[in-house]
There are 2 protein chains.
Amino acid sequence: MRLSRYFLPILKENPREAEIVSHRLMLRAGMIRQQGQGSFSWLPLGKRVLDKVCQIIREEQNRAGALEILMPTIQSADLWRESGRYNDYGKEMLRIKDRQDRDMLYGPTNEEMVTEIFRAYVKSYKDLPLNLYHIQWKFRDEVRPRFGVMRSREFLMKDAYSFDLDFEGAKAAYNRMFVSYLRTFTRMGLQAIPMRADTGPIGGDLSHEFIILAETGESQVFCDRAYLSLDVPGANTNFSDDAEIGGIVTKWTTPYAATDEMHDEAAWEKVAEGDRLSARGIEVGHIFHFGEKYSKPMNAKVAGPDGKDHYASGGSYGIGPSRLVAAIIEASHDENGIIWPEAVAPFDIGLINMKVGDGECDRVCDDLYAALTSAGKDVLYDDTDQRPGGKFATADLIGLPWQVIVGPRGVAAGEVEIKNRKSGERETLPIAEAKKRLGIAA
Amino acid sequence: MRLSRYFLPILKENPREAEIVSHRLMLRAGMIRQQGQGSFSWLPLGKRVLDKVCQIIREEQNRAGALEILMPTIQSADLWRESGRYNDYGKEMLRIKDRQDRDMLYGPTNEEMVTEIFRAYVKSYKDLPLNLYHIQWKFRDEVRPRFGVMRSREFLMKDAYSFDLDFEGAKAAYNRMFVSYLRTFTRMGLQAIPMRADTGPIGGDLSHEFIILAETGESQVFCDRAYLSLDVPGANTNFSDDAEIGGIVTKWTTPYAATDEMHDEAAWEKVAEGDRLSARGIEVGHIFHFGEKYSKPMNAKVAGPDGKDHYASGGSYGIGPSRLVAAIIEASHDENGIIWPEAVAPFDIGLINMKVGDGECDRVCDDLYAALTSAGKDVLYDDTDQRPGGKFATADLIGLPWQVIVGPRGVAAGEVEIKNRKSGERETLPIAEAKKRLGIAA
């Protein structure tokens, strides 16, 4: 993409309304625009990151056997009356009346609707296990939306729902999502730690929040340093092997890990002092087994091998892609701007032409742009007439993993400069060498 | 995907509520489920088609220079008060109050919001042309939603908005979208004809509906047969060459073409009788130049090269991906079910194991499944224990372009059967030959 044809409205000033660094940087980098309280448009740069985040989530959901559907954003109130949550949900639920004066609502979550789909079609244990997910906009009318997309009213959510015949099946489904989440966050360059979370009236231990450590995190968390060196399951993980998956979950739930809310001082004391890691964290995912909570009031039954009807045993599994984009920035930035992990960077490479109009600079840039693009790299080519200082500042602010800097002096010597955004390392290299360094044949 | 692990709730009976063939077939093929009046969930098979349709739209929008953003579904009423449309829009607009009693609405379209984004950042003609699009859910509270996803209340829409300094620029932007739409529909296997549409108080001739011909179409249309043989611009079309693009538009607007609404008997009489094509049509896209309709009341100005401020000249360009899925089915089906054009088929190939459990059938199927999948083909492998008759009926109903049928007798002879869904042609081929026929090395 040529920057001269792109829409990247960089802000030079720090927006006053932004209280946290991700919000500030997303506004400054032209990733989002606020459209109302807790409501944002994703501008082209932000949309690209959001897409990459969703794509990784999707691939890992599919790998774990979940199937993608897409439910509408507006739901009938009657469905929520069936589960008893219509009154319980309170003011966070955005309630609507249509022109026929029917009660509707903007879905804050989808347990009811997906249970309705399930009960309409699935009658036998033979069609289980089933896990349906979608990535769709949700609305929660928070009293105090803030921190940009981190706590917005309209937000994107991946929510998966598993259905099984009994607790054993539901636990296996839960474990698959657990392992899928480990892979998902790791692929985004995040170190996420599963922490035991409240199960409320459901009881048991099948509720985990996935927390990433970030100095600017919203809550205090406590965990064993052992988490920092645990192996994350690879792409060859066999999700149809319950024992293998269960083993990974055991390994990942054995060391101590708790949010402030669930913190247990007595257990904490038992962790060796040098292994105690007390840090700030951001919740990026939550998985939860709820058993018959929805299947019972909504009468979602399947015939078992015993010939009898059983209420399906369910769980729900959420990740907020829009909030994740902010969380990644909270975990990865410096005083100059964002530092994107490669897998979610909006572009792989920023190509900076220091002297647009100079025949040689233009020629080398055009050649590099064509070669990198045809090798499948996403390149943002700064071909604007801004001055070099401004271009460098923009490149650092938007934080692409690599910058390739092409100036008249270097070009005369057949060289360009390559900068790694994360390490700050710069190298001047012959052009052919630079191409190799960027992963393409010279 | 193995069918035994998929969620494909086929209906054997024709659903009574479905008045048109696409609605009936989408329900029967397990593509959608109705969740309320004019509100549908997209089940896995439907979601795959919707994704493919969106991907083609996206690629062609990008090719034409439009940039993707994503705006929220809920908008502030104040924005619509600025343009004067809040009162004008009537009851189709779903109006909402949040917990602070603020007036909001579920966006039926986005001219106001995108103009707000534009005016916030763009100040100079140097940043033009600009065309921003998004693919997002919309809501229109129709009195009588019907025909499944063809006329639903909550629907997906691709809406693009162009901004230019003057009419000449806006016309060039309009032409780029015109040509982009020709390519978009053709890639989906559709023959779409641009027909002059009403411009209302704006005037001029920059408004076209793109209509596909289908016996079951919603409205009567009239056009010159010449359209059926006009060349559709190729992938190498140069969208930055206004003259080239303008030439294509001229060619595609010269023969007679009109919807019932815009039909002109006098002009129609001038078309040679043998060239008159009077048929049923379905609207799948609409492009519209509206000039200063929004920029003026919303004060969206840019400085021109003359140093003066000018109201941006705008246009909007819509395609309904959810409705398109139904329109494709209306245009392409037979008495047995859907016939997907290859580019939007949910899977490329249906692989039918006629005798699951038979060692040789299983082995040949597993081998074909692995080979096709690793060659990048999307395969739906029917490994269920249903009887062959049911499997054939399902395969025809869901309409994948190719069926590969593996039975014990054929396998004993080292052969499989290949069926083309569209032509109905069947061929028995040696396995290696079959692989070649399906586009993979033997």
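Residues numbered from 1 in each chain as written. Chains lettered and ligands numbered in written order. Predicted model: local features only at pLDDT ≥ 70, side-chain atom pairs only at ≥ 80, totals over all residues. Heavy atoms only, no water.

**Notes on the packing of helix H1 (residues 21-28) of chain B against helix H9 (residues 321-331) of chain B**
Residues and elements named next belong to chain B.
Right, so step 1: Interhelical geometry of H1 versus H9 gives an angle of 105° and a closest axis separation of 8 Å. Accordingly, the angle class assigned to the pair H1 and H9 is roughly perpendicular. Of the residues in H9, those in contact with Val21, Ser22, Leu25 and Met26 of H1 are Val325, Ala326, Ile329 and Glu330.
Right, so step 2: Here the residues of the contact of H1 with H9 are counted per class, giving six nonpolar, one polar and one charged. (Axes fitted to C-alpha atoms, helices over the stretch in contact; angles between N-to-C directions. Helix = DSSP H or I, 4+ residues; strand = E, 2+ residues; numbered from the N terminus. Parallel < 35°, antiparallel > 145°, perpendicular 65-115°, else oblique. Contact = heavy atoms within 4.5 Å. Nonpolar A, V, L, I, M, F, W, Y, C, P; charged D, E, K, R; others polar.)

**Some thoughts on the domain arrangement of chain A**
Residue and element names in this part refer to chain A.
Right, so step 1: In terms of domain boundaries, chain A breaks down into domain 1 (1-336) and domain 2 (346-436).
Right, so step 2: Between domain 1 and domain 2, the residue contacts involve 16 residues of the former and 17 residues of the latter.
Right, so step 3: Interface area, domain 1 with domain 2, both sides summed: about 1,600 Å², of which 58% is carbon and sulfur.
Right, so step 4: When residues of domain 1 are sorted by the area they lose upon contact with domain 2, Met1, Arg2 and Leu3 head the list and together hold 34% of the total.
Right, so step 5: Note that Arg48 and Asp378 form a salt bridge whose closest N and O atoms lie 3.3 Å from each other.
Right, so step 6: Along the contact surface separating domain 1 from domain 2 lie ten residue pairs in polar contact (both at pLDDT 80 or more).
Right, so step 7: Secondary-structure elements contributing two or more residues to the side of domain 1 that touches domain 2 are helix H1 (21-28) and helix H2 (44-63).
Right, so step 8: The element best represented in the side of domain 1 that touches domain 2 is H2, accounting for four residues.
Right, so step 9: Looking at the side of domain 1 that touches domain 2, its residues break down into nine nonpolar, two polar and five charged. (Domains from an automatic or database assignment. Buried area = accessible area lost by both parts, 1.4 Å probe. Salt bridge = Lys/Arg side-chain N within 4 Å of Asp/Glu carboxyl O. Polar contact = N/O pair within 3.5 Å; in protein donor to acceptor, adjacent residues only side chain to side chain.)

**A few points about the sheet that holds strand E20 (residues 379-382) of chain A**
Within a beta sheet, neighbouring strands are joined by backbone hydrogen bonds and run either parallel or antiparallel to one another.
Residues and elements named next belong to chain A.
Right, so step 1: Read across the open sheet, the five strands follow the order E20-E19-E21-E22-E23; overall the sheet is mixed. Taken across any chain shown, the strands that pair with only one partner, and hence form the sheet edges, are E20 and strand E23 (426-430). For this sheet the average axis-to-axis angle between neighbouring strands, irrespective of direction, equals 20°.
Right, so step 2: In terms of strand pairing, strand E21 (residues 402-406) meets strand E22 (residues 415-420) through four bridges, oriented antiparallel. Within E22, the position partnered with Val404 by the bridge is Ile418. (Pairing = 2+ DSSP bridges.)

**Structural notes on the interface of chain A and chain B**
Right, so step 1: Contacts between the two partners involve 55 residues from chain A and, on the opposite side, 55 residues from chain B.
Right, so step 2: Buried area between chain A and chain B, both sides added, is near 4,700 Å², and the carbon and sulfur share of it is 59%.
Right, so step 3: Three residues stand out in chain A for area buried against chain B, namely Leu70(A), Arg99(A) and Tyr121(A), and they jointly supply 16% of the buried area on that side.
Right, so step 4: Across the salt bridge formed by Glu116(A) and Arg33(B), the nearest N and O atoms sit 2.8 Å from each other.
Right, so step 5: The tally of links between chain A and chain B comes to 22 residue pairs in polar contact (both at pLDDT 80 or more).
Right, so step 6: For the side of chain A that touches chain B, the secondary-structure elements that each account for two or more residues are strand E1 (32-36), strand E2 (39-42), H2, strand E3 (67-68), strand E5 (94-97), strand E6 (103-106), helix H5 (111-121) and strand E7 (130-139) of chain A.
Right, so step 7: Along the lines of polarity and charge, the residues of the side of chain A that touches chain B split into 31 nonpolar, seven polar and 17 charged.

**A closer look at helix H11 (residues 388-398) of chain B**
Right, so step 1: Those residues of H11(B) not exposed but buried are Lys391(B), Thr394(B), Ala395(B), Asp396(B), Leu397(B) and Ile398(B).
Right, so step 2: Within two residues after H11(B), Gly399(B) carries a phi angle of roughly 70°, on the positive side. (Buried < 20%, exposed > 50% of the residue type's maximum accessible area, 1.4 Å probe, protein only.)

**Re the nonpolar core**
Right, so step 1: Counting 226 residues, the largest nonpolar core has Met31(A), Trp340(A), Met31(B) and Trp340(B) as the members making the most contacts within it.
Right, so step 2: Excluding its chain neighbours within four sequence positions, the residues that come into contact with Met31(A) are Met26(A), Ser41(A), Trp42(A), Leu43(A), Leu45(A), Gly46(A), Val49(A), Val325(A), Ile329(A), Ile338(A) and Trp340(A). (Core = buried A, V, L, I, M, F, W, Y, C linked by side-chain atoms within 4.5 Å.)

**Regarding the relation of the copies chain A and chain B**
Right, so step 1: For the pair chain A and chain B, the superposition axis carries a translation of 0.0 Å, the fit reaches an RMSD of 0.0 Å, and the rotation angle comes to 180°. With respect to symmetry, the two chain copies, as superposed, fit the operation of a two-fold axis. Among all residues of chain A, the one whose C-alpha sits closest to the rotation axis is Ile96(A), at a distance of 2.9 Å.
Right, so step 2: The fraction of interface residues of chain A whose copies in chain B are also interface residues reaches 100%, indicating that both copies meet through the same surface. (Least-squares fit on C-alpha atoms with pLDDT ≥ 70 in both.)

**Remarks on the sheet that holds strand E5 (residues 94-97) of chain B**
All names here are of chain B.
Right, so step 1: An order of E4-E6-E5 is seen for the three strands of this open sheet, with the pairing classed as antiparallel. The outermost strands of the open sheet, each flanked by one partner alone, are strand E4 (74-76) and E5. Ignoring which end each strand starts from, the neighbouring axes of this sheet average 40° apart.
Right, so step 2: Inspection of the sheet shows E4 paired to strand E6 (residues 103-106) by three bridges, in the antiparallel sense. Within the sheet, the bridge partner assigned to Gln75 lies in E6 and is Leu105.

**Focus: the packing of aromatic side chains**
The description of an aromatic ring pair uses the distance of the two centres, along with the angle that the planes make with each other.
Right, so step 1: One pass over the structure, following the stated rule, counts 31 aromatic pairs over all chains.
Right, so step 2: Judged by centre distance (5.6 Å) and plane angle (80°), the rings of Trp80(B) and Tyr89(B) are edge-to-face.
Right, so step 3: A centroid spacing of 5.9 Å and a plane angle of 45° characterise the contact between Tyr227(B) and Trp252(B), whose relative ring orientation is tilted. Placement of the pair is Tyr227(B) in the loop between strand E11 (219-224) and helix H7 (242-253) and Trp252(B) in helix H7, with a sequence separation of 25 residues. An identical accessibility class is assigned to Tyr227(B) and Trp252(B); each is buried.
Right, so step 4: Three or more aromatic residues link up through ring pairs in this structure, and these residues are Tyr106(A), Phe139(A), Tyr106(B) and Phe139(B).
Right, so step 5: Its end group placed over the ring of Trp268(B), Arg276(B) keeps NZ or CZ at 6.0 Å from the ring centre. (Phe/Tyr/Trp six-rings, centres within 6.5 Å; stacked < 30°, edge-to-face > 60°. Lys NZ or Arg CZ within 6 Å of the ring centre and 35° of its normal.)

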